[in-house]
Amino acid sequence: MNAPMNPSPLARFRPDVQSMSAYAVQDARGMVKLDAMENPHGLPPALQAELGARLGALALNRYPGERGNDLKQALAIHAQMPEGFALMLGNGSDELISLLAMACDLPPSEASQGQPAGILAPTPGFVMYAMSAQLQGLKFTGVPLTADFELDEAAMLAAIAREKPAIVYLAYPNNPTANLWDDAVIEKIVDAQGAQGGLVVMDEAYQPFAARSYIDRIEKHKHVLLMRTLSKFGLAGVRLGYLMGPAALIAEVDKVRPPYNISVLNAECALFALEHTAVFEAQAEQIRVERDKLLADLATVPGVKLWPSDANMILVRVPDAAKTFDGMKARGVLVKNVSKMHELLGNCLRLTVGTADENARMLAALQESL
Ligand SMILES: Cc1ncc(COP(=O)(O)O)c(C=O)c1O
């Protein structure tokens, strides 16, 4: 066989990867940045100086070592992880989601009752659940929420019975809808997934702003993992996610983790933040107060429909999302237009809660751009 005349190395990339778009991060320079659920508050100057000195003294010439274990212990205490559970670290929860897909990528087997491994989540939901499945070559099943973004209990239970997924993700609260789902429905889904031998991952990325957490129910189950991140807490730039669960399950996921996935800088920043939780908790409290004020203000704007929020974001529906998004952008306010993400999100924008001043600017820009 003759070699092709002009072989292209591009042909060595998977066709599905070639047809994908890279995750787009919007250019936010000079804008009021309210598009990615970041904490708008930085570290106070005295803490910046203290952290700087600590980071400067680190052994950057060494691979990360024992400090990772110190961080795991500090996080376990911070999260009040139950006895007998274990915790692993990820470079953001994004990495943990990828590792979970990798670790569960099984062909059809007796354990999965003849089904290849798959991932199931309510939709609209966090994009990485579907993306991790696609990249790992696993089937993703999205089960639409109701029109008001509640779990569709019957559809979820039917899909679990049909697909027998390896993993069910439940974001608690959900992104981009910002709500906490009904606990009784969640328990039925968790039980159904357990009965067919699958895993449930409760994703609590927005826990600092939520009225409830699954941490006090996790001990009841042997198949539920709880994932959190320090991103929304105030360290989005640091990249630090963590996954807790029964030790035997965490041990399996931990085997596919790249050995030095958490840099000495990530670990030290996270430890520093956990030594100053009062600062971050006060910031979260301020964000919750601002969120409730923004919800009340938005409720008075004619033409805007909004939903309750247990997170640091608010989902709104406007008459023309593209027009409002562009108008807000032209006024220097960047939010996220999620209207093309899912059919249930027609004309929806996702607003991140910022400082009082940022929120006032956002509200004014929104009203002027409707
Ligand atoms: C529900 C949910 N889970 C996980 C993440 C990822 O967080 P991290 O910054 O830890 O990768 C996000 C980010 O927006 C999210 O919305």
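The structure this text deals with has already been given above.
Please read these numbers as outputs of a predicted model, since none were measured by experiment.

A. Inspection of the side chain of Ser231 at higher detail. Within the secondary structure layout, Ser231 lies in helix H8 (residues 231-235). In this structure Ser231 touches Ala236, Arg239 and Leu240, once residues within four positions along its chain are discounted.

B. Region of interest: the sheet that holds strand S9 (residues 305-306). Spatially, S9-S10-S13-S12 is the arrangement adopted by the four strands of the open sheet, whose pairing is antiparallel. Sheet topology places S9 and strand S12 (336-337) at the edges, where each strand pairs with a single neighbour. By the bridge criterion, two bridges tie S12 to strand S13 (residues 348-352) in an arrangement that is antiparallel. Residue pairing across strands places Asn337 opposite Leu349, the latter belonging to S13. Sheet strands in contact with helix H12 (residues 321-330) are S12 and S13, and its direction is about 35° off that of S13.

C. View of the pairing of S13. Counting buried positions over the five residues of S13 gives five, a clear majority of the element. The two faces of S13 match: Cys348, Arg350 and Thr352 on one face and Leu349 and Leu351 on the other face are all buried. As paired strands, strand S10 (residues 313-317) and S13 are joined by five bridges and run antiparallel to one another. Of the residues in S13, the one forming a bridge with Met313 is Thr352.

D. Highlighting the packing of aromatic side chains. Scanning the entire structure with this criterion turns up five aromatic pairs. On the numbers, 4.4 Å between centres and 20° between planes, the contact of Tyr63 with Tyr260 is stacked. With Tyr63 in the loop between helix H2 (45-56) and helix H3 (67-78) and Tyr260 in the loop between helix H9 (247-254) and helix H10 (264-275), this pair connects stretches of sequence that are 197 residues apart. According to the relative accessible area criterion, Tyr260 is partly exposed, its value standing at 45%.

E. Here's a closer look at the site of the ligand. What surrounds the ligand is a group of 13 residues, the closest being Ser93, Asp203, Tyr206, Thr229 and Ser231. Within the backbone of Ser93, an N or O atom sits 2.7 Å from an oxygen atom of the ligand. Here an oxygen atom of the ligand sits 2.6 Å away from a polar atom, N or O, in the side chain of Thr229. A total of 400 Å² of accessible area belongs to the ligand in isolation, and the protein chains cover 93% of it. Elements represented by at least two residues in the shell around the ligand include exactly helix H4 (93-103) and H8. Taken together, the residues of the shell around the ligand break down into four nonpolar, five polar and four charged.

F. The layout of surface pockets, seen in detail. In this model, the second largest pocket occupies a volume close to 340 Å³. Forming the boundary of the second largest pocket are 17 residues, of which Cys104, Leu106, Ala166, Gly197 and Leu199 lie nearest the centre. Of all elements in the fold, only H4 and H9 reach the threshold of two or more residues within the lining of the second largest pocket. Tallied by class, residues from the lining of the second largest pocket come to eleven nonpolar, four polar and two charged.

G. Just the pattern of salt bridges, in detail. Considering all chains together, one arrives at 23 salt bridges under this definition. The residue Arg228 makes a salt bridge to Glu204 at a minimum N-O spacing of 3.1 Å. Of the two residues, Arg228 sits in strand S7 (residues 224-229) while Glu204 sits in the loop between strand S6 (199-203) and S7, which places them 24 residues apart along the sequence. Residue Arg228 shares its accessibility class with Glu204, and that shared class is buried. A single salt-bridge network, built from bridges that share partners, covers Arg54, Arg67, Asp70, Glu268 and Glu275.

H. Geometry of the side chain of Thr141. Note that Thr141 resides in strand S4 (residues 139-144). Judged by relative accessible area, Thr141 falls into the buried class, the value being 10%. If near-sequence neighbours (up to four positions away) are discounted, Thr141 is found in contact with Ile119, Leu120, Ala121, Arg162 and Glu163.

Criteria and thresholds
Residues numbered from 1 in each chain as written. Predicted model: local features only at pLDDT ≥ 70, side-chain atom pairs only at ≥ 80, totals over all residues. Heavy atoms only, no water. Helix = DSSP H or I, 4+ residues; strand = E, 2+ residues; numbered from the N terminus. Contact = heavy atoms within 4.5 Å. Pairing = 2+ DSSP bridges. Axes fitted to C-alpha atoms, helices over the stretch in contact; angles between N-to-C directions. Buried < 20%, exposed > 50% of the residue type's maximum accessible area, 1.4 Å probe, protein only. Phe/Tyr/Trp six-rings, centres within 6.5 Å; stacked < 30°, edge-to-face > 60°. Near = heavy atom within 4 Å. Polar contact = N/O pair within 3.5 Å; in protein donor to acceptor, adjacent residues only side chain to side chain. Areas by Shrake-Rupley, 256 points an atom, 1.4 Å probe, with all protein chains shown as cover. Nonpolar A, V, L, I, M, F, W, Y, C, P; charged D, E, K, R; others polar. 1 Å grid on protein atoms, 1.4 Å probe; cavity = no way out; pocket = protein on both sides within 12 Å on 5 of 7 lines; lining within 4 Å. Points joined across faces, edges and corners; volume = space filled by probe spheres on them. Salt bridge = Lys/Arg side-chain N within 4 Å of Asp/Glu carboxyl O.

Keep in mind these values describe shape, not function.
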